[in-house]
Amino acid sequence: MAPGRLDRWLDGFGERHGTVRYDVTPTSVTLTAEDGSSAVVTVPFEPLAVLSREGLVAHVLTERRLGVLLVRRGGYGAGVFAGGNLLDSKVGSRHVQGTTKAGGWSQQRFARRRDNQAREAFAAATEVAVRILAPAKLDVLVCGGDRRAVETVLEDPRLKDLPALVRPPFLGVPDPKQKVLEQAGIDARAIRIEIQDIQDIQDVEG
């Protein structure tokens with residue numbers, strides 16, 4: 001759900017299910033309604049400082065400089081967003097050879113080649129992160145792709161300030177292209193809600 005829709009959705013939950021009790025923590029907000037329905041809102045870019053419904057709405061609407069770093073063996077992307085707008089970005093790709101069924105010396109040679117290609121791809125991703133993300137004065141960083149690849153990039157000393165800014169979710173993405181990066185910026189800001197509707201449960205049990 002887009003951040004701007006959350007306040008109205010909370011109103012609608014009460015209108016559909018009756019009086020709502022809010023149990024608020026720095027990482028989640030649980031709604032329990034009069035009819036037994038419930039919903040759990042995961043706090044984006046935790047922790048939540050003001051532990052109330054109003055605090056949650058203000059938190060999700062706060063404008064942040066959001067960095068997105070996507071790294072896979074076959075490609076990489078980095079972008080800086082503010083207010084949902086993409087301010088700066090770069091995507092790229094590097095060929096990394098697939099696995100081979102050959103055995104013995106050939107298999108070892110292909111494995112070494114793949115490792116070298118992967119290192120080159122991660123090095124290219126690191127340079128893009130240094131150019132796009134390091135100077136951007138980010139408030140938060142969301143990553144995606146391959147976890148080990150992302151960790152490899154963030155180990156570079158020039159990016160030493162970024163790991164402390166990383167927040168969930170970790171995004172599952174295909175090889176990053178420009179549209180993939182732009183969608184990742186939307187997905188990073190999306191509000192995640194798990195709903196248990198008592199009517200649905202009654203329909204199943206009935």
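All values reported here derive from a predicted model rather than from experimental measurement.

Asks: Is there a simple way to think about the sheet that holds strand β4 (residues 65-72) in this case?
Replies: Across a sheet, paired strands are connected by hydrogen bonds in the backbone, their directions being either parallel or antiparallel. With mixed pairing, the four strands of this open sheet are ordered in space as β6-β5-β4-β7. Strand pairing shows two members of the sheet lacking a second neighbour, β6 (85-93) and β7 (140-145), which therefore form its edges. The average undirected angle you get between the axes of adjacent strands in this sheet is 10°. Relative to β7, β4 is paired through six bridges, and the arrangement is parallel. Looking at the pairing, V71 lines up with G145 of β7. Of the strands in this sheet, β4 and β7 are in contact with helix α4 (residues 147-154), which crosses β4 at around 120°. This element, helix α5 (residues 178-189), spans β4, β5 (75-82), β6 and β7 of the sheet and lies at about 130° to β4.

Asks: Any chance you could explain the sheet that holds strand β3 (residues 38-42) here in plain terms?
Replies: With respect to topology, four strands assemble into an open sheet ordered β1-β2-β3-β8, the strand pairing being antiparallel. In this open sheet, the two edge strands, each paired with only one partner strand, are β1 (20-24) and β8 (192-196). Across the sheet, the mean angle from the axis of one strand to that of its neighbour is 15°, orientation sign disregarded. With five bridges joining them, β3 and β8 adopt antiparallel strand pairing. In the strand pairing of β8, V40 is matched with E194.

Asks: Even after reading the chapter, I still don't get the side chain of T126, so can you show me in this structure?
Replies: The topology assignment puts T126 in helix α3 (residues 104-132). Residue T126 is classed as buried on the basis of its relative accessible area, which comes to 8%. Ignoring any residue separated from it by four or fewer positions in sequence, one finds T126 in contact with V153, D156, R158 and L159.

Asks: What am I meant to see in α4 here?
Replies: Every buried residue of α4 is accounted for by A149, V150, V153 and L154. The buried residues of α4 occupy one face: seen down the axis, they fall within an arc of 130°. At the N-terminal boundary of α4, the capping side chain belongs to D146, with an oxygen 3.2 Å from the backbone nitrogen of R148.

About the criteria used
- Residues numbered from 1 in each chain as written.
- Predicted model: local features only at pLDDT ≥ 70, side-chain atom pairs only at ≥ 80, totals over all residues.
- Heavy atoms only, no water.
- Pairing = 2+ DSSP bridges.
- Helix = DSSP H or I, 4+ residues; strand = E, 2+ residues; numbered from the N terminus.
- Axes fitted to C-alpha atoms, helices over the stretch in contact; angles between N-to-C directions.
- Contact = heavy atoms within 4.5 Å.
- Buried < 20%, exposed > 50% of the residue type's maximum accessible area, 1.4 Å probe, protein only.
- Arc of directions from axis to C-beta.
- Polar contact = N/O pair within 3.5 Å; in protein donor to acceptor, adjacent residues only side chain to side chain.

By themselves these figures say nothing about function.
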